[in-house]
Amino acid sequence: MATFLLVHGAWHSGQAWDRVVPLLESAGHRVLAPSLTGYGDKAHLLSPEVGLVTHVDDIAGLIDDERLDDVVLVGHSYAGMVISGVAQRVPKRIAHLVFLDAMVPEDGESAVDVLPVTKRLLDVAVDGWRVPPMPEQPPPLGLFGVTDPQDVAWLRSMLSDHPARCLQEPVRLDDPAARAIPRTHLHCVEGQPAGITRRPVPEGERVRELPTGHDCMITMPVELTGLLIETAQRP
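Residues numbered from 1 in each chain as written. Predicted model: local features only at pLDDT ≥ 70, side-chain atom pairs only at ≥ 80, totals over all residues. Heavy atoms only, no water.

### Quick look at the pattern of salt bridges
Stated formally: A side-chain nitrogen of Lys or Arg and a carboxyl oxygen of Asp or Glu constitute a salt bridge if their distance falls within 4 Å. The cut-offs for exposure are 20% and 50% of the maximum accessible area for each residue type, with area from a 1.4 Å probe on protein chains only; residues under the lower value are buried, those over the upper are exposed, and the others partly exposed. A helix here means a DSSP run of H or I that spans at least four residues, while a strand means a run of E at least two residues long, and both kinds are numbered starting from the N terminus.
Counted under the stated rule, the structure contains 15 salt bridges. Here Asp41 and Lys42 are joined by a salt bridge, their closest N and O atoms 3.8 Å apart. Given the relative accessible area of 25%, Lys42 is considered partly exposed. The salt bridge involving Asp69 is made with Arg93; its shortest N-O contact spans 3.0 Å. Separated by 24 residues along the polypeptide, Asp69 in the loop between α2 (52-65) and β3 (71-76) and Arg93 in the loop between α3 (79-89) and β4 (94-100) bring together distant segments of the chain. Among the charged side chains, a network of salt bridges with common partners joins Asp64, Asp69 and Arg93.

### A look at the packing of aromatic side chains
This is how the line gets drawn: Aromatic contacts are taken between Phe, Tyr and Trp rings whose centres are within 6.5 Å, Trp giving its six-membered ring; a plane angle under 30 degrees counts as stacked, one over 60 as edge-to-face, and the others as tilted.
Scanning the model with the defined rule gives 1 aromatic pair in all. When the ring of Trp11 is compared with that of Phe144, the centres are 5.6 Å apart and the planes differ by 40°; the resulting orientation is tilted. With Trp11 in the loop between β1 (3-7) and α1 (21-26) and Phe144 in the loop between β5 (130-131) and α6 (149-158), this pair connects stretches of sequence that are 133 residues apart. Per residue, the accessibility class of Trp11 equals that of Phe144, and both read buried.

Remember that the coordinates give geometry; whether it matters functionally is a separate question.
Shown next as structure tokens:
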């Protein structure tokens, strides 16, 4: 049995994993899929003060509170920043990092540094700090890669604004123990928006692909679950 801690991306909530959680649990694994501060059951906490550090605190605190060890820590999209910060904070508690179509920062970088196109989102922030979700686009882009009308409606129901500070705060990654944690990169390779460029994956880090859009936990939950289980079983 593995312990999976699934961290959602910007604008989403822990509900985004609803199709993956029961599949992992039915395979005998323990799964946690919390909402970060400002989303889902914590939406009332959204404020200009919420930033990347807040979200790192959320996940590192959960690991401590639940006394989790040997965690397979999965970060989707923006949460690649979050899991990187968590690994810096509690490296001995993490067995594997999974970057799911995610930002992969270097030491001292912010989300804007990792993905410069993100700067455009800050330019349209409401009241200077609330970044609204990206609009739905024609297929194959859809809403975060989701194109089925029923799935789009469900996804839209969980989306919240994203605090600007989350995109601006840098992450510190100077602990060799954190850098030594095994990593897997899962790339969604269909419907990629213009301006999104992935960095080369360092040699020795595993890469797998899913033939779907960005929110693969909604569009391909079975296939994603299989890859996550495979990652957990990897020596």
